[in-house]
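Examining the three-dimensional arrangement
For reference, the chains in residue letters:
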Amino acid sequence: PTRRSSDLASVGLTYNLNEKIMFRANLAKAYRAPNLSELTSNGMHGDRYEIGNDALTPENAYEIDMSMHYHGDYFSFDLAGFYNLIDNYIFISPTTELTSTGMTIYRFSQTNAKLYGGEAGVHFHPKSFPWLHVQGIYSTVIGVQENDNYLPFIPAHKFRYETWIGREKIGFLLHPNFKISALTALKQNHPSPYESSANGYTLVNVGINADIKLSNQLMNIGLSANNIFDTQYFDHLSTLKPLGYLNEGRNISLSLKVPFGIK
């Protein structure tokens, strides 16, 4: 029988250079046993036919991450990176096999792998305009198998940006705020074998909300629109992408929140 180790460990360090600058580092070892689905699947799961693997052994991961944070009065900056080495990494991937009805067969397997990436973010709220906030974040992750093939279902590199404007009061509106945000996904052109790539896209969202008070009752009303330009796109992680079904288009919603308290 295979010897299974469940050793877990983590050690970290935080260093404050001054009141605004901080550094962090962490080393960790983790363990995960295969679950029932990964071991015994044999049937349709959503839009695909999955077959498990009863020969899977536990994963053992070794991870290091480091980060630097600057949080000033009107400007913040965060930078973080990680590197994971995983023995016997368990994953599911498409194959060239088809069922009798023409559905693609996905199989669970495992390999030694490495996953690495990071995130960088800035947040700016100028002194001259304390009601204005501008934020941007970039995130990336890369997964590579022991044979140098890429791992399946790894998200694309993404940029997220947001501008937020808020005031204490405008007329009868309390805490009104307006937000415009966007997400840019770069082209995912490092698919695993038998996995399709995905083109890049940008989604733009807007939203506005405020509190109003009727008698002694406080309510929050909001209006938001996601993907306002009705961009047609495939998210690389979408299970419907192989079938040619696009992700959600323009979506407009109106919300009303009425908090109740009991004394």
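A quick note: this is a predicted structure, and the numbers were derived from the prediction, not measured.

This paragraph deals with the side chain of Glu195. If you trace the backbone, Glu195 turns up in the loop between strand S11 (173-185) and strand S12 (201-214). Lys241 is the oppositely charged side chain nearest to the buried, salt-bridge-free Glu195, at an N-O distance of 5.7 Å. Within the local environment of Glu195, its side chain forms a polar contact with the backbone nitrogen of Phe153, the two atoms lying 2.9 Å apart. The residues touching Glu195, leaving out its near neighbours within four places in the chain, are Pro94, Leu151, Pro152, Phe153 and His236.

Bringing the confidence of the model for the chain into the picture now. For the chain, mean pLDDT is 92; residues scoring 70 or higher make up 97% of the total. Counting contacts from residues 1-5, a segment whose pLDDT is below 50, to residues more than four positions away or on other chains yields 6 contacts.

Once that is clear, we can look at the nonpolar core. Counting residues in hydrophobic clusters, the biggest one holds 9 residues: Ala61, Ile86, Tyr89, Phe91, Ala113, Leu115, Val141, Leu151 and Ile154. Here the element with the most residues in this core is strand S6 (residues 75-98); it accounts for 3 residues. Among all residues touching Ala61, those that are not within four sequence positions of it are Ala28, Lys29, Ala30, Leu85 and Ile86. Membership of the second largest hydrophobic core comes to 6 residues, among which are Ala156, Tyr201, Leu203 and Tyr233.

For the structure shown, the criterion picks out 6 aromatic pairs. Geometrically, the ring pair formed by Tyr70 and Phe75 is tilted, given 6.4 Å between the ring centres and 40° between the ring planes. A residue is classified by how much of its surface remains accessible, and Tyr70, at 27% relative accessible area, is partly exposed. In this arrangement the basic side chain of Arg48 is found over the ring face of Tyr106, its NZ or CZ atom lying 4.7 Å from the centre.

Phi angles above zero are rare outside glycine, and Phe153 is one such case at about 60°. Its place among the elements puts Phe153 in the loop between strand S8 (132-145) and strand S9 (158-166). Residue class for Phe153 comes out partly exposed when judged on its relative accessible area of 25%. For His175, which is not glycine, the phi torsion reads 50° and is therefore positive. Looking at where His175 falls in the secondary structure, it is placed in strand S11.

Computed from the structure, the largest pocket encloses a volume of approximately 180 Å³. Taken together, 14 residues make up the lining of the largest pocket; nearest its centre are Gly207, Ile208, Asn209, Leu223 and Ser224. Contributing elements (two or more residues each) for the lining of the largest pocket: S11, S12, strand S13 (217-226) and strand S14 (251-257).

The pairing of S12 with S13 spans 9 bridges and is classified as antiparallel. Of the residues in S13, the one forming a bridge with Ala210 is Ile221. In this structure, S13 lies alongside S14, joined through 7 bridges in antiparallel fashion. Looking at S14, one finds that Gly222 is bridged to Ser255.

What follows is about a nonpolar patch on the surface. Together, Ile165, Phe178, Ile180, Ile208, Ile221, Leu223, Ile252, Leu254, Leu256, Val258 and Phe260 make up a nonpolar patch on the protein surface, roughly 1,100 Å² of accessible area in all. If you list the elements that add at least two residues to the nonpolar patch, you get S11, S13 and S14. Residue contributions to the nonpolar patch peak at 3 residues, all from S14.

Taken as a whole, this structure holds 5 salt bridges when the rule is applied. Taking the shortest distance from any N to any O, the salt bridge between Glu38 and Arg32 comes out at 3.1 Å. Close ionic contact of Glu59 with Arg32 constitutes a salt bridge, the shortest N to O distance being 3.2 Å. In this pair, Glu59 sits in strand S5 (residues 59-71) while Arg32 sits in strand S2 (residues 21-32), placing the two residues 27 residues apart along the sequence. The network of salt bridges with shared partners includes Arg32, Glu38 and Glu59.

Buried residues are scarce in strand S1 (residues 9-16), accounting for 0 of its 8 residues. Counted between consecutive antiparallel strands, the loop separating S1 from S2 contains 4 residues.

Procedures and definitions
- Residues numbered from 1 in each chain as written.
- Predicted model: local features only at pLDDT ≥ 70, side-chain atom pairs only at ≥ 80, totals over all residues.
- Heavy atoms only, no water.
- Helix = DSSP H or I, 4+ residues; strand = E, 2+ residues; numbered from the N terminus.
- Buried < 20%, exposed > 50% of the residue type's maximum accessible area, 1.4 Å probe, protein only.
- Lys, Arg positive; Asp, Glu negative; His and termini not counted.
- Salt bridge = Lys/Arg side-chain N within 4 Å of Asp/Glu carboxyl O.
- Polar contact = N/O pair within 3.5 Å; in protein donor to acceptor, adjacent residues only side chain to side chain.
- Contact = heavy atoms within 4.5 Å.
- pLDDT = per-residue confidence, 0-100.
- Core = buried A, V, L, I, M, F, W, Y, C linked by side-chain atoms within 4.5 Å.
- Phe/Tyr/Trp six-rings, centres within 6.5 Å; stacked < 30°, edge-to-face > 60°.
- Lys NZ or Arg CZ within 6 Å of the ring centre and 35° of its normal.
- 1 Å grid on protein atoms, 1.4 Å probe; cavity = no way out; pocket = protein on both sides within 12 Å on 5 of 7 lines; lining within 4 Å.
- Points joined across faces, edges and corners; volume = space filled by probe spheres on them.
- Pairing = 2+ DSSP bridges.
- Patch = residues over 30% accessible without salt bridge, like charges linked within 9 Å, V, L, I, M, F, W, Y side chains within 5 Å.
- Areas by Shrake-Rupley, 256 points an atom, 1.4 Å probe, with all protein chains shown as cover.

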